[in-house]
Amino acid sequence: MAKSELFRTKSVEQSIRDTDDPETQLNRNLGAVDLVVFGVGVIIGAGIFVLTGRAAATNAGPAIAISFLIAALACGLAALCYAEFASTVPVAGSAYTFSYATFGELVAWTIGWDLVLEFTVGAAALASGFSSYWNNLVDGTFLELPEHLRTAAGSGVVDIPAIAISLIVMWILINGIKFSSRINQVVVAIKIAVVLLVIIAGVKYIDSQNWSPFVPPSASPESGEGGWLKVPLIQTLLGLEPAVYGVAGVFAGAAIVFFAFIGFDVVATTAEETKDPQRNVPIGIFGSLAIVTVLYMAVSLVITGMQDFRDIDPMDGAPLATAFDAVGVRWMGDVISVGACIGLVVVVMILMLGQTRVAFAMARDGLLPRWLAETHQKHRTPHRITYVTGFAVAAISGFVDLSTLADLVNIGTLFAFVLVSVGVVILRRTRPDLPRGFTVPGATLVAVLAVIACVYLMLNLVGETWVRFLVWMALGFVVYFTYGRRHSRLGRVGEVTRAADQPSPPAA
């Protein structure tokens, strides 16, 4: 196998031409508002509704608000690179398609496989988050399920609510992206209302003493005070307990709540279904990221102000609701649970949407079975890959706990951001002639800072997460070399071209 085969690139022009294939064509009917709503809809999810309590209790204390800001800055740097790529290559597939145009097929497959991890496992994590709030809401009613049927964590066996919501979302997506967008607009309004309700209603219950100390001292004496260089991965490799609290805890908290910002890159996966993507995709990315950063920091300050962070149960799947339970306002907890349940449904939907579009692009290129890329005759949606995704999400969310899923999604997403950031610089040098609806100011500096920020956050994830990630990527290489490389459309075109260039055999 020639080395060049692994790094053969698919031109941007060919990627755009593929969008006109009638068998795999998608409708362009999303505008800037649709994309902002999509972005806000997916970003406001389990990160704020579920993981806030875990990160505050075990890592950062009240300084979880700073953790959110750090994660937002890392996302913002990567968002600049995503915006340029998406406005230059307005094709389904997000970082996968971008990498195919810059790094070549092997790296494109790697990032595509990585995005499968991000979106599929992310959707499963959000389905699990939905289940936590649903269970909190129906406790004591006839809808309450026994422990072994309501969660996959602890003594639980299977998470029935998570499986149910995954299959319902699958059906919604098959019925069309515009239908999904309309549902999302209504639900996003509900989610924002719930978040604002938490902020407004919770302010009166804040006790400023709960914020002191704002950055708690390290609770892990054997790992030192926990400076910013004492990252969990290195501590684990040294046989030490990862630092809890202190400055290191704030950064470790940022690596955990990074999950809360996953979603703006989903906007890039819908570029092929967007009207005027060069203008609307950057608006969707930046608009959604700015809105949620402000909301996240405000909510985290309210929740840690309402109760001592040491009293927060890190295993509690519904910290916003239980914060109000702790101050004796049970009805507010129920209202929040209702809003969270509705909101998390949409987050599951949009992450599954992102997964189906990435797998759709990979199947259209032949790296996955091409029949998966065929679209529904009526709805023009990739219904086959949606079925596969829906059942996979249901199975994962039904049997794996939320914290394991969230950490795995974080490392996969950060790795994708690293490649996109580097890819922008490469495409600038290899294809300066391409029209760009948005250009990153100071691209090289921004890309370097984005890579440093993302790699550092990756190092703040524990060793077990790295092992799971490497196993997943190794499996991806097996799939590529046994199927994808041999069925690649780009590879087949190259074979035909080489055959045509061969001299004809001499006449008999």
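Residues numbered from 1 in each chain as written. Predicted model: local features only at pLDDT ≥ 70, side-chain atom pairs only at ≥ 80, totals over all residues. Heavy atoms only, no water.

Examining the overall build of the protein
- Helix and strand counts for the protein come out as 22 helices and zero strands.
- Expressed as a percentage of its 508 residues, the buried residues of the protein come to 59%.
- Sequence separation of at least 24 residues holds for 83% of the intrachain contacts in the protein that already meet a minimum separation of 6.
- Total accessible area on the protein stands at roughly 18900 Å², and carbon and sulfur atoms take up 67% of it. (Helix = DSSP H or I, 4+ residues; strand = E, 2+ residues; numbered from the N terminus. Buried < 20%, exposed > 50% of the residue type's maximum accessible area, 1.4 Å probe, protein only. Contact = heavy atoms within 4.5 Å. Areas by Shrake-Rupley, 256 points an atom, 1.4 Å probe, with all protein chains shown as cover.)

Details of the confidence of the model for the protein
- For the protein, the mean per-residue pLDDT works out to 77, and 78% of the residues sit at or above 70.
- Predicted confidence for residues 221–228 stays below pLDDT 50, and this span has 20 contacts to residues more than four positions away or in other chains.
- In the model, residues 495–508 has pLDDT below 50 throughout and makes one contact with residues more than four positions away in sequence or in other chains. (pLDDT = per-residue confidence, 0-100.)

Let's talk about the packing of aromatic side chains
- For the coordinates displayed, the defined rule picks out eleven aromatic pairs.
- With 5.5 Å between their ring centres and 20° between their planes, Trp109 and Trp113 make a pair best called stacked. Taken as a pair, Trp109 and Trp113 lie in helix H8 (residues 105–138) at a separation of four residues, close to a single helical turn.
- Exposure remark for Trp109: the relative accessible area of 1% places this residue in the buried category.
- Between Phe415 and Phe469, the ring centres sit 5.6 Å apart and the planes meet at 70°, which makes this aromatic pair edge-to-face. Of this pair, Phe415 sits in helix H19 (residues 402–430) while Phe469 sits in helix H21 (residues 463–487), placing them 54 residues apart in sequence.
- For Phe469, a relative accessible area of 4% translates into the label buried.
- What links up through ring pairs into an aromatic cluster is the set Trp109, Trp113, Trp472, Tyr480 and Phe481. (Phe/Tyr/Trp six-rings, centres within 6.5 Å; stacked < 30°, edge-to-face > 60°.)

Topic: the pattern of salt bridges
- Per the stated rule, a full pass over the model turns up five salt bridges.
- Two residues, Asp308 and Arg310, come together in a salt bridge whose shortest N-O distance is 3.1 Å.
- In this structure Arg310 comes out as exposed when scored by relative accessible area, which is 53%.
- The closest approach of N and O atoms between Asp433 and Arg431, which form a salt bridge, is 2.9 Å.
- The structure contains a network of salt bridges with shared partners spanning Asp139, Glu144 and Arg150. (Salt bridge = Lys/Arg side-chain N within 4 Å of Asp/Glu carboxyl O.)

Details of unusual backbone geometry
- Pro213 follows Ser212 through a cis peptide bond whose omega is 0°.
- Residue position: Pro213 is located in the loop between helix H11 (177–203) and helix H12 (232–237).

Details of the environment of Val451
- Residue placement: Val451 occurs in helix H20 (residues 443–459).
- Taking C-alpha positions, Val451 is 5.0 Å from Val418, a pair spaced 33 residues apart along the chain.
- Dropping the residues within four chain positions of it, Val451 is found in contact with Val418, Ser421 and Val422.

Things to note about a nonpolar patch on the surface
- On the surface, a cluster of nonpolar side chains totalling about 370 Å² of accessible area is made up of Leu445, Val448, Leu449 and Ile452.
- Within the secondary structure layout, Leu445 lies in helix H20.
- Taking the relative accessible area as the measure of exposure, Leu445 reaches 57% and is therefore exposed. (Patch = residues over 30% accessible without salt bridge, like charges linked within 9 Å, V, L, I, M, F, W, Y side chains within 5 Å.)

Digging into the nonpolar core
- Ile44, Phe49, Tyr96, Tyr133, Phe261, Tyr296 and Ile336 are the most contacted members of the largest nonpolar core, which totals 147 residues.
- With 20 residues, the top contributor of residues to this core is helix H17 (residues 330–364). (Core = buried A, V, L, I, M, F, W, Y, C linked by side-chain atoms within 4.5 Å.)

Points about H8
- Over its 34 residues, H8 runs 49 Å from end to end, which matches the ideal 50 Å to within 8%, given 1.5 Å per residue.
- The element H8 is largely enclosed, with a buried count of 31 among its 34 residues.
- Among the residues trailing H8, Gly140 stands out with phi positive, at a value near 85°. (Expected span 1.5 Å × (residues − 1).)

A word on the packing of helix H5 (residues 51–60) against helix H6 (residues 64–88)
- It is at 10 Å that the axes of H5 and H6 come closest, and there the two elements cross at 110°. Classified by the interaxial angle, the pair formed by H5 and H6 is roughly perpendicular. Residues Thr52, Ala55, Ala56 and Ala60 of H5 pack against Ile64, Ser67 and Phe68 of H6. (Axes fitted to C-alpha atoms, helices over the stretch in contact; angles between N-to-C directions. Parallel < 35°, antiparallel > 145°, perpendicular 65-115°, else oblique.)

Details of the packing of H17 against helix H18 (residues 383–399)
- Axis separation between H17 and H18 bottoms out at 9 Å; the angle between their running directions is 130°. When the interaxial angle is binned, H17 and H18 end up oblique. For the pair H17 and H18, the sense of crossing is right-handed. Between H17 and H18, the residues in contact are Met352, Gln355, Thr356 and Ala359 and Ile385, Thr386, Thr389, Gly390 and Val393, respectively. (Left-handed = near helix turned anticlockwise from the far one by under 90°.)

Observations concerning the environment of Ile291
- Relative to the helices and strands, Ile291 resides in helix H15 (residues 277–306).
- Taking C-alpha positions, Ile291 is 9.5 Å from Val36, a pair spaced 255 residues apart along the chain.
- Every residue in contact with Ile291, bar those within four places of it in the chain, is listed here: Val36 and Val40.

Quick word on H20
- The terminal C-alpha atoms of H20 lie 24 Å apart, and with 17 residues this matches the ideal 24 Å at 1.5 Å per residue to within 8%.
- Restricting attention to buried positions, one finds in H20 the residues Ala443, Val446, Ala447, Ala450, Cys454, Tyr456, Leu457 and Met458.

Focus: the state of the cysteines
- Applying the stated criterion across every chain, the model contains zero disulfides.
- Counting only cysteine sulfurs, Cys454 is the nearest neighbor of Cys75, a cysteine outside any disulfide, at a range of 7.3 Å. (Disulfide = S-S within 2.5 Å.)

Side note on the environment of Leu427
- With respect to the helices and strands, the residue Leu427 is situated in helix H19.
- With residues near it in sequence (within four places) discarded, Leu427 still touches Phe85, Thr88, Ala101, Thr102, Pro432, Leu434 and Arg436.

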